[in-house]
Amino acid sequence: MAASKPATTAVIKSKTTNKVEMPQTQISRSQQTGVRNFLIIAISITALIVLVGGYFTYQLANWNITKANEIKAQDIYIKLANEKVDKLAEAETKLKDIKQPDSSQVSDFDRITQRVLPTTDDLGLLLTIFQKLETETLVKIENISKASASGAVKPVETVATSGDGTVKTFPIVFKATGKYESIQNFLKAIESSQRVFDFSTLKLSGTPDSISLDMTYRVYYMEKPSILDSQTPLDEYQAKQAATGGSK
Amino acid sequence: MSIRINLLPEARLLKLKYQQTRRLTIIICTLIASSIGATLVILLLLFGARVVQFNGNKDKMAELKKNIDSKSQVETDSAWFNAALVGANTATDKRILISQLFVRLNEALPRDVKLTDFSVDQDYKVKASVKAPDFSTVDLMGDALRSYNVTNRLITGFPAKPVFTDIRIDSVSTGKSNQASTTKLFDVTFGVDKELVQKFRTDSKTTTGGGQ
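On a predicted model such as this, the values are computed, not experimentally measured, just so you know.

Facing 69 residues of chain B, the contacting portion of chain A comprises 74 residues. Every element with two or more residues in the side of chain B that touches chain A is listed here: helix H1 (9-70), helix H2 (72-94), helix H3 (99-108) and strand S1 (114-120) of chain B. The dominant element in the side of chain B that touches chain A, judged by the number of residues it contributes, is H1 of chain B, at 29 residues. A class-by-class count of the residues in the side of chain B that touches chain A yields 37 nonpolar, 22 polar and 10 charged. As defined by bridge partners, strand S4 (residues 197-207) of chain A adjoins S1 of chain B across 3 bridges and the pair is classed as antiparallel.

Little of helix H6 (residues 234-243) of chain A is tucked away, with 0 of its 10 residues classed as buried. Once H6 of chain A ends, the next one or two residues include glycine 245 of chain A, with phi positive near 65°.

What follows deals with the pairing of strand S3 (residues 167-178) of chain A. Pairing of strand S1 (residues 140-146) of chain A with S3 of chain A involves 5 bridges; the strand directions are antiparallel. Bridge pairing in S3 of chain A links lysine 146 of chain A to isoleucine 172 of chain A.

Turning our attention to the confidence of the model for chain B. Residues and elements named next belong to chain B. Looking at chain B, pLDDT values average 84 and 90% of them are 70 or higher. Mean pLDDT per element in chain B: helix H5 (residues 194-206) is the minimum at 82, and H1 is the maximum at 92. Two summary scores accompany this predicted model of the complex, namely pTM at 0.69 and ipTM at 0.71.

All right, on to the packing of helix H3 (residues 108-116) of chain A against H2 of chain B then. The relative placement of two packed helices is expressed as an angle between their axes plus a distance between the axes. As a packed pair, H3 of chain A and H2 of chain B sit with axes 9 Å apart at the nearest point and diverge in direction by 60°. Comparing their axes, H2 of chain B and H3 of chain A come out oblique. Crossing handedness for the pair H3 of chain A and H2 of chain B: left-handed. Residues Phe109, Ile112, Thr113 and Val116 of chain A of H3 of chain A pack against Trp80, Phe81, Ala84, Leu85 and Ala88 of chain B of H2 of chain B.

Right, let's talk about the packing of helix H2 (residues 26-98) of chain A against H1 of chain B for a bit. Here H2 of chain A crosses H1 of chain B at 15°, and the two axes come no closer than 7 Å. Comparing their axes, H1 of chain B and H2 of chain A come out roughly parallel. Viewed along their axes, H2 of chain A and H1 of chain B form a crossing whose handedness is left-handed. Looking at side-chain class alone, the contact of H2 of chain A with H1 of chain B contains 35 nonpolar, 14 polar and 7 charged residues.

All names here are of chain B. Along its 13 residues, helix H4 (residues 135-147) runs 19 Å from first to last C-alpha, staying within 8% of the 18 Å computed at 1.5 Å per residue. Taken as a whole, H4 has its buried residues at Val138, Met141 and Leu145. On an axial view of H4, the arc spanned by its buried residues comes to 50°, and they lie on one face. Within H4, the exposed residues directed more than 90 degrees away from the buried face are Ser136 and Asp143. Where H4 is buried, its residues meet H3, strand S2 (125-132), strand S3 (164-174) and strand S4 (184-192). Once H4 ends, the next one or two residues include asparagine 149, with phi positive near 65°.

Rules used in this analysis
- Residues numbered from 1 in each chain as written.
- Chains lettered and ligands numbered in written order.
- Predicted model: local features only at pLDDT ≥ 70, side-chain atom pairs only at ≥ 80, totals over all residues.
- Contact = placed C-beta atoms within 7 Å.
- Helix = DSSP H or I, 4+ residues; strand = E, 2+ residues; numbered from the N terminus.
- Nonpolar A, V, L, I, M, F, W, Y, C, P; charged D, E, K, R; others polar.
- Pairing = 2+ DSSP bridges.
- Buried ≥ 20, exposed ≤ 12 C-beta atoms within 10 Å, placed from the backbone.
- pLDDT = per-residue confidence, 0-100.
- Axes fitted to C-alpha atoms, helices over the stretch in contact; angles between N-to-C directions.
- Parallel < 35°, antiparallel > 145°, perpendicular 65-115°, else oblique.
- Left-handed = near helix turned anticlockwise from the far one by under 90°.
- Expected span 1.5 Å × (residues − 1).
- Arc of directions from axis to C-beta.

Okay, structure coming up:
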């Protein structure tokens, strides 16, 4: 009775561990080694495939994202360019009308870009105006010059403005002498001139029959704007569009 | 004659287990490799399609660019004209007009008071130097400016109200030796009513002429 106990324990143990007892033969050993080698090779190859494949997947995904963004940017460019082409076609017709000379042989285009806001701070253009003012108002004008940087009047100054151009001003000083009525007419005429004159300072002397005015005015001009291509990063453009509720 | 090896049941079990392990490993590895392969193929196809689309867009863009470049003169001129128009408008709206102010001021001042120096800032705060024969005339001038367009010399088409405000006489001095000894020189500052300034602007826009 006592001898049969260990045998029962061994059976129970082998059942509970559910382990197949390995026959320690040469064949079984080589089988075991073969399986182990196979597993090592298979796992290594798979790991290699995962690594190499993962790298290429990552690269391809990145290239795809980049290309997708480039295409998005192209689409935006095409849309904007199409709009621009339409607008240019419309502008071409309007510009043709604006460039047509009127009865005074001056077109609106020339009037605005050459007379109202010329492209240079050339004093020569102003002399023609003063010549006419002198004739029309009978005021004697002398000593026309650009004001120096000294004093309260600043030299060339940039005036903030919308649009593509930057409007600048420069001061001019001159002396005008005439009767009170003539001076009154002169001041009125200079303000209704096509060229924009902005009053700065005035010094008066003399009698009502001969008043002398030492005047400083600011005169405006604008350099011809140059059209340059501009580039905006896609995310910045999209953010701007979103901020402006850009359904366009 | 064939040799038949009668394996022990444990050995057969092991052989089957090894076979199963190999099969399972092959299946798992193939699945992983093929899913990576499939992903690569899909991404490649997608990339190819995008490249085709990109190149197509490039041609379209080149065509549009050519079209736009051919109208660069129209573009420049339109931008120039628009910018000049906006600029001229801005400048006209903010410039200081004094012709009417000069007239109003000369109307308002007593006869023996002479304006000698005059400047106006963007808010139409006037700083003037004035010559008067005596101190009482200096005082009179302040009253004349205050009463202008209220009880004295009403502006046509404009409500009766003080148009020269915040009148301040900053300094008074007696004229120098080469001037009449009693002449008083004084600096005065005052503001101009905003509605009157607006009237100056409106009037200057409706004024015809000025063909220079």
